[in-house]
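# Descriptive structure summary
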Amino acid sequence: MRILLYSGKGGVGKTSVAAATGVRLSELGYKTLVMSVDPAHSLGDSFDLDSTLFHGATADAKPVRDKLWIQEVNIQREIKRHWNEIASYITAVLRTTGLSDVEAEEMAIFPGMEELSAMMYVNQYIREKQFDVIVLDCAPTAESLRFVSLPTTLDWYMKHLFKLERRVMKAVRPVMNAMGPIEAPPDSYFGNIQSLFEKIQGIDKVLEDPQISSIRLVTNAEKMVLRETQRAFVYFCLHGLTVDQVIVNRVLPDEITDHFFDGWRTTQRGILGEMESYFAPVPVSRVPLFNHEVLGYAGLKELSDRLYAAGEDPAQVTRTEKPYTFSASEGRYEVRLRMPFVSKAEIGLFKKADELVVEVGTLRRHVGLPTSMAAMVPAKARLEHDILVVEMRSAT
Ligand SMILES: Nc1ncnc2c1ncn2[C@@H]1O[C@H](COP(=O)(O)OP(=O)(O)OP(=O)(O)O)[C@@H](O)[C@H]1O
Ligand SMILES: [Mg+2]
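For clarity, every value in this text was computed on a predicted model and none was experimentally measured.

Moving on, we get to the overall build of the chain. Looking only at helices and strands, the chain has 13 helices and 15 strands in total. A buried classification covers 35% of the 396 residues belonging to the chain. Across the chain, every contact between residues at least 6 apart in sequence was considered, and the portion connecting residues at least 24 apart equals 71%.

With that out of the way, let us pick up the packing of helix α10 (residues 223-238) against helix α11 (residues 262-279). Where α10 contacts α11, the two axes come as close as 11 Å, and the packing angle between them is 10°. Taken together, the axis directions place α10 and α11 in an arrangement best described as roughly parallel. Contact residues: Lys 223, Leu 226 and Gln 230 in α10; Ile 271, Glu 274, Met 275 and Tyr 278 in α11. Residues of the contact of α10 with α11, tallied by class, amount to 4 nonpolar, 1 polar and 2 charged.

As a matter of local geometry, ligand 1 sits amid 18 residues, with Gly 13, Lys 14, Thr 15, Ser 16 and Phe 290 nearest to it. Elements supplying a minimum of two residues to the shell around ligand 1: α1 (14-27) and β7 (243-251). At 3 residues, the largest contribution of residues to the shell around ligand 1 is made by α1. Considering only residue class, the shell around ligand 1 consists of 7 nonpolar, 7 polar and 4 charged.

A few words on the environment of Tyr 125. Structurally, Tyr 125 can be placed in helix α6 (residues 113-128). Overall, the presence of 18 C-beta atoms within 10 Å leaves Tyr 125 in the partly exposed class. Excluding anything up to four places from it in sequence, Tyr 125 contacts Leu 33, Gln 130, Phe 131 and Ile 134.

A separate point is the sheet that holds strand β9 (residues 324-329). In space, the 4 strands of this open sheet follow the order β9-β10-β15-β14, with antiparallel pairing throughout. Two strands bound the open sheet, and with one partner strand each, they are β9 and β14 (376-384). The sheet shows a mean angle of 25° between the axes of neighbouring strands, direction not considered.

Structurally, Gln 201 is set in the loop between α8 (187-200) and α9 (203-208). Measuring from C-alpha to C-alpha, the distance between Gln 201 and Met 120 comes to 8.9 Å, with 81 residues separating the pair along the chain.

Across its 18 residues, α11 extends 26 Å between first and last C-alpha, which sits within 8% of the 26 Å expected from 1.5 Å per residue. What α11 keeps buried is the set Gln 268, Met 275 and Phe 279. Along α11, the residues classed as buried sweep out an arc of 25° about the axis, all on the same side. Of the exposed residues in α11, the ones pointing more than 90 degrees away from its buried face are Asp 262, Gly 263, Thr 266, Gly 270, Gly 273 and Ser 277. Along its buried surface, α11 packs onto α10, β7 and β8 (284-288).

Model confidence for the chain is summarised by a mean pLDDT of 82, while 76% of its residues fall at 70 or above. Put simply, helix α3 (residues 51-54) is where the chain has its lowest mean pLDDT, 55, and α1 is where it has its highest, 97.

On to the pairing of strand β2 (residues 32-36), then. For β2, a buried count of 5 out of 5 residues is recorded, marking the element as mostly surrounded by other parts of the structure. With burial as the criterion, each face of β2 is covered, one bearing Thr 32, Val 34 and Ser 36 and the other bearing Leu 33 and Met 35. As defined by bridge partners, β2 adjoins strand β4 (residues 68-72) across 5 bridges and the pair is classed as parallel. Among the inter-strand pairings, Ser 36 is bridged to a residue of β4, identified as Glu 72. As defined by bridge partners, β2 adjoins strand β5 (residues 133-137) across 5 bridges and the pair is classed as parallel. Paired with Val 34 across the strands is Val 135, a residue of β5.

Analysis parameters
- Residues numbered from 1 in each chain as written.
- Chains lettered and ligands numbered in written order.
- Predicted model: local features only at pLDDT ≥ 70, side-chain atom pairs only at ≥ 80, totals over all residues.
- Helix = DSSP H or I, 4+ residues; strand = E, 2+ residues; numbered from the N terminus.
- Buried ≥ 20, exposed ≤ 12 C-beta atoms within 10 Å, placed from the backbone.
- Contact = placed C-beta atoms within 7 Å.
- Axes fitted to C-alpha atoms, helices over the stretch in contact; angles between N-to-C directions.
- Parallel < 35°, antiparallel > 145°, perpendicular 65-115°, else oblique.
- Nonpolar A, V, L, I, M, F, W, Y, C, P; charged D, E, K, R; others polar.
- Near = placed C-beta within 6 Å.
- Pairing = 2+ DSSP bridges.
- Expected span 1.5 Å × (residues − 1).
- Arc of directions from axis to C-beta.
- pLDDT = per-residue confidence, 0-100.

Structure below.
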């Protein structure tokens, strides 16, 4: 079983590349699902399917070809399925702020819900061994980062706050209800969160296993897009995920000789050169700009033939390097984290319970420490090329 997650800045071609990859995989004989995690779905459009048929009430996987299914998570349906209790609590709270019912219901779809629903499906498909490969077409970078960090965040919440909150709520609910206007959540709200949590349990291990999951970054040969791709690369590393391919889409083909594009061509050449050195040893693949939209099965097949060599298998595991490792030698304990493109000044480090917390910008990663290091604190840190080496010492 493989999970291939396509992420990148808005509009770079994620959906097209994910769908084209699905086409190639199904042609190689893999039972393939391309699943859209992006709330603004365009997967059906990419396959040029009739949207009135496709955006129907059902959110389950739909066959498009032999061995190829696509799925767009329909959030309204998901609410009915998993979120009713939680959403109605949030709606009730929002209503007390003077919002209309419709507004309150809309607002109750809090960010992260699509991602969470998609993750439940992925987990279910893995457990039931329904597909050989799941290709995830993600929303632009920020949301896909939220997608991959969700299990860690939830896990942390369940471990540290959930039990406490539930106990506290039991005690204060009568008081809170008497005081109004905001009602305390009913205990079933917590029961629901618990069962939701169980549904995604284990998915973090799946995403962190390079034998199962690969992250592929789609980008364009433009400076601003490249910067975002670099940041995404860092953040995925920070979350313990393996990026095994960078795909540069819409590269100007050589046959365009019109001088109008001279400036663009110079820019693209420069950026493409930079990219190779930034992402090495992760391979950078190129897809040319076509003289037409990438649409329907034929268009997607054309893209897949330009992206992959004849017979090339996108499901192959090509990189298995762990983004972080622990070592102990001669009494020196070290944690090594792969952190390309960051400077030491951007990194924050501290210890919390038995976790090492690494911060880059606003993103945070909790690295669970092995027992031998659990009582230690970070003493020194240095950057060795793109590896952050944190030396740990006894707290006393
Ligand atoms: N190599 C290409 N040549 C020409 N057109 C392309 C190419 N790749 C993608 N397109 C077109 O660009 C548009 C945007 O592509 P796509 O929807 O795949 O991007 P996206 O990254 O998924 O966007 P979003 O962030 O909105 O989800 C589509 O109309 C698609 O047909
Ligand atoms: Mg898209």
